[in-house]
Each structure stands twice: as C-alpha cells, then as structure tokens.
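Chain residues, written in single-letter form:
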Amino acid sequence: LAGALWAGILPFQFHKGFRRQYPLWHRWMGRIFLTMSATMMVGVALMLHRRLDFHQYDFGDLASSSSSSSLDGGGVVSISIWFLITGAMAWNTARQRRFAQHQAWVIRHAAAGLWVALQRLIIYSWSLPKTREQQRDNFGNSGFVGICISLALAEITIVLIGQKEKQLKAQ
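In this convention, every chain numbers its residues from 1, walking through the sequence in written order. Under the rules for a predicted model, residues below a pLDDT of 70 receive no local features and side-chain atom pairs below 80 are neither given nor counted, while totals for whole chains, interfaces and linings still include all residues. Calculated side-chain values reflect all of the structure's heavy atoms, with hydrogen atoms and water omitted.

A. A look at the packing of helix α6 (residues 99-125) against helix α7 (residues 132-170). At their nearest, the axes of α6 and α7 sit 7 Å apart, and the two run at 145 degrees to each other. The handedness of the crossing between α6 and α7 is right-handed. Polarity classes work like this: nonpolar for Ala, Val, Leu, Ile, Met, Phe, Trp, Tyr, Cys and Pro, charged for Asp, Glu, Lys and Arg, and polar for all others, with Gly in that last group. In terms of residue class, the contact of α6 with α7 is built from 17 nonpolar, eight polar and four charged. Between N-to-C directions, angles span 0 to 180 degrees; the directions come from axes that are lines fitted to C-alpha atoms, helices contributing only their stretch in contact. A run of H or I in DSSP becomes a helix once it reaches four residues, and a run of E becomes a strand once it reaches two; helices and strands are each numbered from the N terminus. Two helices cross in a left-handed way if the nearer one is turned anticlockwise from the farther one by less than a right angle. They cross in a right-handed way if the turn is clockwise.

The following block contains the structure:
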C-alpha cells in the first residue's frame, strides 16, 4: 500500500502545472510521499531483519558462488540507505526553499525507488533460467542493472533540466 501511494503521488509532484496551480496540494502530497518513503524503509528493515530477502528466504539453501548475483543483502542495504538520504535531502532542501536542489533530490529519490519496477521489466526480458541458481542470479543481477540504469538516468535528467533552465535564462 505504501509503495502504491508513493508511486501514485510521484507524477503529480513532477508535474510543473500541478505544482504551480496547487502549491498547497503539492506540499501536502510531498509530506505524504516522504512519509510513505519512510514507511517502505521500515518494511525493508523488517524484511532484512527477518531474513526475508531473496538470497536468504528463497535461495538460502543454495551455496554462494563467485558468480552469485550482484544484489545481495549489502546491495539492498546500500540502495535503501541512498533512498533514505535522498528523501531526507529532498525534505531539507524544500524546507530551505532551495527548489532547484529540491527537484534534483526528488528525482534521485524517485530513481532510488523506481529501480524495482525496472528490475521486473529487465528480468522478464532475459532468457528464462533453467536452474534455481540461474533464477537467483537473474533476479539479483536484474536488480543491480535496474539500480544502475535508474540512478544514471536520474543524473542525466538533472543535468538536462539544468541546461534547459540556463537556456531559458539566457533568452
């Protein structure tokens, strides 16, 4: 539920016309958005604490190998910490009324959460695994690739927005 609400709010937060026409709604939806972010991270912490991640819960009986997937427990913890940092920075820059930086941090925050959806698209585009080891590795590696693509696209987006704003100011 928290993830669905988080993802549902996101398009409104990025829509320039909505932000301008309904600034109060934008602020309240932003608060709800970041509350859902924190709620999701409580869920991730519980999942990791209870060893419900895919490495331990789904594939705990398989031996680790050097070719094991790239998204192990440490990878999940790392992207989760980045998700928390970007959410905190988005909140902080909004409160300081530094809106260009706020927008950049929200873009990074969205990328730090949307990698999961991209992972699902990637995993289904790869060949079907024939063994449980391949299934584990495909799931983890597609997550790692999803994270890399999401974070890279976020930074490219931030650069392009900055260039566009410089062009508009020069006119």
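B. Fine view of the packing of aromatic side chains. Note on aromatic pairs: the rings of Phe, Tyr and Trp (six-membered ring only in Trp) are paired at centre separations within 6.5 Å, and the planes decide the class, stacked below 30 degrees, edge-to-face beyond 60, tilted for the rest. Here the structure, examined in full by the defined rule, presents five aromatic pairs. Seen from their ring centres, phenylalanine 18 and tyrosine 22 are 5.4 Å apart, and the 40 degrees between their planes marks the pair as tilted. Among the aromatic residues, ring-to-ring pairing joins Trp6, Phe33 and Phe83 into one connected group. We count a charge as sitting over a ring when the NZ of a lysine or the CZ of an arginine lies within 6 Å of the ring centre and within 35 degrees of the ring normal. In this arrangement the basic side chain of arginine 31 is found over the ring face of tryptophan 28, its NZ or CZ atom lying 4.6 Å from the centre. Over the face of the ring belonging to tryptophan 105 we find arginine 108, whose NZ or CZ atom lies 4.7 Å from the ring centre.

C. Broad picture of the environment of phenylalanine 83. Within the secondary structure layout, phenylalanine 83 lies in helix α5 (residues 73-95). Sequence separation of phenylalanine 83 and alanine 110 is 27 residues, and the distance between their C-alpha atoms is 8.3 Å. With sequence-adjacent residues up to four places away left out, phenylalanine 83 is seen in contact with Trp6, Ser37, Met40, Met41, His109, Ala112 and Gly113. Only heavy atoms matter for contacts: two residues are in contact if any of them lie within 4.5 Å across the pair.

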